[in-house]
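Analysis of the macromolecular model
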Amino acid sequence: MQHTVRVWDLPTRLFHWAIVATTIALVATAKIGGNAMQWHMRLGLVMLALLAFRLAWGLVGGHWSRFANFLYSPGRLWRYLAGRGDEARDDVGHSPLGALSVFTLLALLLAQVCSGLLSDDEIASAGPLAHLAPGEWVDLASWYHKDVGQYLLVAFVVLHLCAIAFYTLVRRRPLVRAMVRGDKQLPRPAPSSRDDLASRAGAAAILAAACALAWWVASLG
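Analysis parameters
Residues numbered from 1 in each chain as written. Predicted model: local features only at pLDDT ≥ 70, side-chain atom pairs only at ≥ 80, totals over all residues. Heavy atoms only, no water. Phe/Tyr/Trp six-rings, centres within 6.5 Å; stacked < 30°, edge-to-face > 60°. Helix = DSSP H or I, 4+ residues; strand = E, 2+ residues; numbered from the N terminus. Buried < 20%, exposed > 50% of the residue type's maximum accessible area, 1.4 Å probe, protein only. Lys NZ or Arg CZ within 6 Å of the ring centre and 35° of its normal. Polar contact = N/O pair within 3.5 Å; in protein donor to acceptor, adjacent residues only side chain to side chain. Contact = heavy atoms within 4.5 Å. Patch = residues over 30% accessible without salt bridge, like charges linked within 9 Å, V, L, I, M, F, W, Y side chains within 5 Å. Areas by Shrake-Rupley, 256 points an atom, 1.4 Å probe, with all protein chains shown as cover. Salt bridge = Lys/Arg side-chain N within 4 Å of Asp/Glu carboxyl O. Expected span 1.5 Å × (residues − 1).

1. With respect to the packing of aromatic side chains
Inspection of the entire model under this criterion finds six aromatic pairs. Aromatic side chains Phe67 and Phe103 sit 5.7 Å apart centroid to centroid with 50 degrees between the ring planes, which places their arrangement in the tilted category. Of this pair, Phe67 sits in the loop between helix 2 (36-60) and helix 3 (74-81) while Phe103 sits in helix 5 (residues 96-118); the two residues are 36 residues apart in sequence, bridging distant segments of the chain. Centre to centre, the rings of Phe166 and Tyr167 are 5.6 Å apart; their planes meet at 90 degrees, and the pair counts as edge-to-face. In this structure Phe166 comes out as partly exposed when scored by relative accessible area, which is 40%. Above the face of the Trp39 ring, Arg42 is positioned so that its terminal group lies 4.8 Å from the ring centre.

2. Here we look at the side chain of His145
Looking at where His145 falls in the secondary structure, it is placed in helix 6 (residues 135-169). Here the side chain of His145 touches Gly116 through a polar contact of 3.3 Å, landing on its backbone nitrogen. What His145 contacts, discounting residues up to four positions off in sequence, is His40, Gln112, Ser115, Gly116, Ser119 and Gln150.

3. Looking at a nonpolar patch on the surface
Residues Trp17, Val20, Ile24, Val176 and Val180 make up a contiguous nonpolar surface patch of roughly 420 Å² in combined accessible area. At the level of elements, helix 1 (10-32) and helix 7 (175-181) are the ones that each hand at least two residues to the nonpolar patch. Here the nonpolar patch gets three residues from one element, more than from any other, and that element is helix 1. If you trace the backbone, Val176 turns up in helix 7.

4. As for helix 5
Spanning 23 residues, helix 5 covers 33 Å between terminal C-alpha atoms, matching the ideal 33 Å at 1.5 Å per step. What helix 5 keeps buried is the set Pro96, Ala99, Ser101, Val102, Leu105, Leu106, Leu108, Leu109, Gln112, Val113, Ser115 and Leu117.

Laid out in structure tokens, this is it:
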């Protein structure tokens with residue numbers, strides 16, 4: 001008997017696809033350069049708001065979106081990689097390997113956004129916080145943002161996509177479909193994520209606060 005479980009609430013799904021679209025747009029505008037850099041900087045603030053929202057939603061969001069429910073120990077990760085994981089739990093939300101991927105991706109995105117806020121190309125573009133930081137910090141942030149961070153991020157995104165393709169095509173786990181519809185068909189019961197009008201209203205309030213934070217950061221420039 002299959003059980004339908006709401007794993008990914010609507011705010012988490014919208015965040016996921018917004019991150020995908022924003023990341024693509026950021027890479028494109030960075031490569032185009034010129035006048036597109038104005039859009040690159042605006043999109044960086046959009047990314048800042050999205051990440052601030054996800055950090056907060058990771059504390060109060062739906063059951064499987066909360067960091068506490070996919071923060072695994074190194075031992076748990078090792079058992080999963082060795083094929084000795086807890087399938088009843090690992091197949092519901094983020095698996096131990098998937099959780100490691102999520103935290104790594106969030107860390108890389110945060111590093112790229114924060115370094116962008118401090119960067120200064122000394123020609124036409126400067127982050128809103130560049131004039132507030134010591135020169136050596138700005139130089140380090142500019143170097144990381146342009147010469148290191150973007151390549152780390154692109155490489156990890158490619159690896160992430162390969163992993164999704166492997167789990168979808170080889171292991172027959174419809175990860176993309178679940179992130180679109182929100183539900184999974186599971187062989188055993190599991191807790192469902194709350195995804196009602198009240199929780200969505202709460203998510204909207206958190207997003208509004210995250211946007212206000214991004215606007216305030218922009219105003220510092």
